[in-house]
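# Observations on the three-dimensional arrangement
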Amino acid sequence: MYTEYTLEVCKLNKDKEQLKREVCAAIDACADKIKAFADSVAAEPELGFKEVKTAAKMAEFMSELGLEPQTGLAINGVKARAKGAKPGPTAAVLGELDAITCPDSCQADPLTGAAHACGHHLQMASMLGAACGIMKTDALKYLAGDIVFFGVPAEEYIELAFRKKLVQEGKLHFLSGKGQLIYEGAFDDIDMAMQMHADKNMPEPTVSVGESSNGFVGKTVRYIGQVAHAADAPHEGINALNAAMLGLMGINALRETFKEDDVIRVHPIITKGGDIVNSVPADVRMELYVRAKTMEAIDRTHHRVDAALKAGGDAVGAKTVIETLPGMMPLSCNSRMNDLFVANSKEAFPGVAIKDAGHFSASTDMGDVSHLMPVIHPFIGGTDGLLHTESFKVVDFEAAALLPAKAFAMTLIDLLYDDAAEAKNILADFKPILTKEQYIAKLESYFSK
């Protein structure tokens, strides 16, 4: 009895700031291992729902830390739970497994064009760095609640034909990684979540605090015309490429009516423009997103986009087939968790610049998670060039990956120390935008009838 009492007193003698110093030191001690992981992932980039090698590397790293990763979630997700000394809330740190298509990148896979020009290898490094800090110290002894380290697949919303095939085969229900994970219940035992993203053109150590982002729905469009000899008998054909061009012009005619406050973005690509130059194009295909700051703005806009696209087909007598697909929800970040992350970033890296990112017009499926629980999604410097381009590169790995790793680890301590008082207060004040059931129903409603 005396021994148990003495141990409890010893536990209480290690204060929160001492724990933070210890986890940061542990992350520094693992810096080479963390960078080696990031470099290995960047050298073998894989696209969404194909991250087999990346998932295996992550599971191995987690196992070496003494974690017991669960694999195969949403095809390739990797999830490991570290249990605190007492029951309490569960806080997660996420890292995205997938790369983006960027064939001009110097690190692109020559066969697939995949490259980590999205910076997701840095997300994974920061998440595993935080895991090093927690698991290589005795921090868990002082925390009430659990920590989940979660490698999540397929954040980049690309290769829609491939993903639709997975849906048809019953391997997926939704087309983005976190949406699928929510559907499968992989977030049911998580109460709050954190994730970073690499910033653009930000070589100096910087933390840009985001508040919100756009959401979107995806669309595939097919114009079906009538083939004919393009030179000898064009009058016998129906030019599906002309239909597509008119549809795009119709979208452009709508742009002046978009409200600036809605931050609407509509950006199509033609994925098939015809078959041969000498024949009237009879099968033309497009993909596009309709993005906006709120789901209400998306709902107001995407039906008007459909009407413009259909008008292009009607004008030349082509058939227009539009398929709408659920995309991602707008992001909403928790202000208190943002404040904790900023304070810890300053402590981990004195002199770091703190910027207000406000609203960003791109999208992330972290927005889906934010509809169910408190989340943050800061942007981290130490990188240069534009995201999703061959110019993107890491110029300061410590700032780009180790800084957020330390800030995540210290924020986890803030949340779960002192009987998880901070986490419990945040959760008490949080009102979910949607229940899980409402979320699933909303996303399902975007599938074309």
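Residues numbered from 1 in each chain as written. Predicted model: local features only at pLDDT ≥ 70, side-chain atom pairs only at ≥ 80, totals over all residues. Heavy atoms only, no water.

### Focus on the sheet that holds strand 1 (residues 70-73)
Read from one edge of the open sheet, six strands run 1-2-6-3-7-15, paired in mixed fashion. One side of each edge strand has no neighbouring strand; the edge strands of this open sheet are strand 1 and strand 15 (375-376). Judged from the eight bridges that link them, strand 3 (residues 86-96) and strand 6 (residues 144-152) form a sheet pairing that is parallel. Bridge pairing in strand 6 places V93 opposite F149. Lying over the sheet, helix 7 (residues 177-184) contacts strand 1, strand 3 and strand 6, oriented at roughly 130 degrees with respect to strand 6. (Pairing = 2+ DSSP bridges. Helix = DSSP H or I, 4+ residues; strand = E, 2+ residues; numbered from the N terminus. Contact = heavy atoms within 4.5 Å. Axes fitted to C-alpha atoms, helices over the stretch in contact; angles between N-to-C directions.)

### Examining the side chain of S176
For S176, the position within the fold is in the loop between helix 6 (160-168) and helix 7. A residue is classified by how much of its surface remains accessible, and S176, at 2% relative accessible area, is buried. Residues in contact with S176, not counting those within four places in the same chain, are F49, A154, Y157, R163, G327, M328 and D365. (Buried < 20%, exposed > 50% of the residue type's maximum accessible area, 1.4 Å probe, protein only.)

### A look at the pairing of strand 3
A large share of strand 3 lies buried, amounting to eight of its 11 residues. As judged from the three bridges shared by strand 3 and strand 7 (residues 192-194), these two strands associate in the parallel manner. Across the sheet, residue V93 finds its bridge partner in strand 7, namely M194.

### Observations regarding helix 9 (residues 295-316)
Between its first and last C-alpha, helix 9 extends 33 Å over 22 residues, near the 32 Å set by a 1.5 Å rise per residue. Residues of helix 9 that are buried: M295, A297, I298, T301, H302, V305, D306, A308, L309, G312 and G313. For helix 9, the arc enclosing every buried residue in end-on projection is 165 degrees, short of the 170-degree limit, so these residues lie on one face. In this structure, helix 9 carries E296, H303 and A315 as exposed residues pointing more than 90 degrees from its buried face. Of the surrounding elements, those touching the buried residues of helix 9 are strand 10 (215-224), helix 8 (240-254), strand 11 (265-272), strand 12 (283-292), strand 13 (319-328) and helix 13 (436-444). G317 sits one or two residues past helix 9 and shows a positive phi near 85 degrees. (Expected span 1.5 Å × (residues − 1). Arc of directions from axis to C-beta.)

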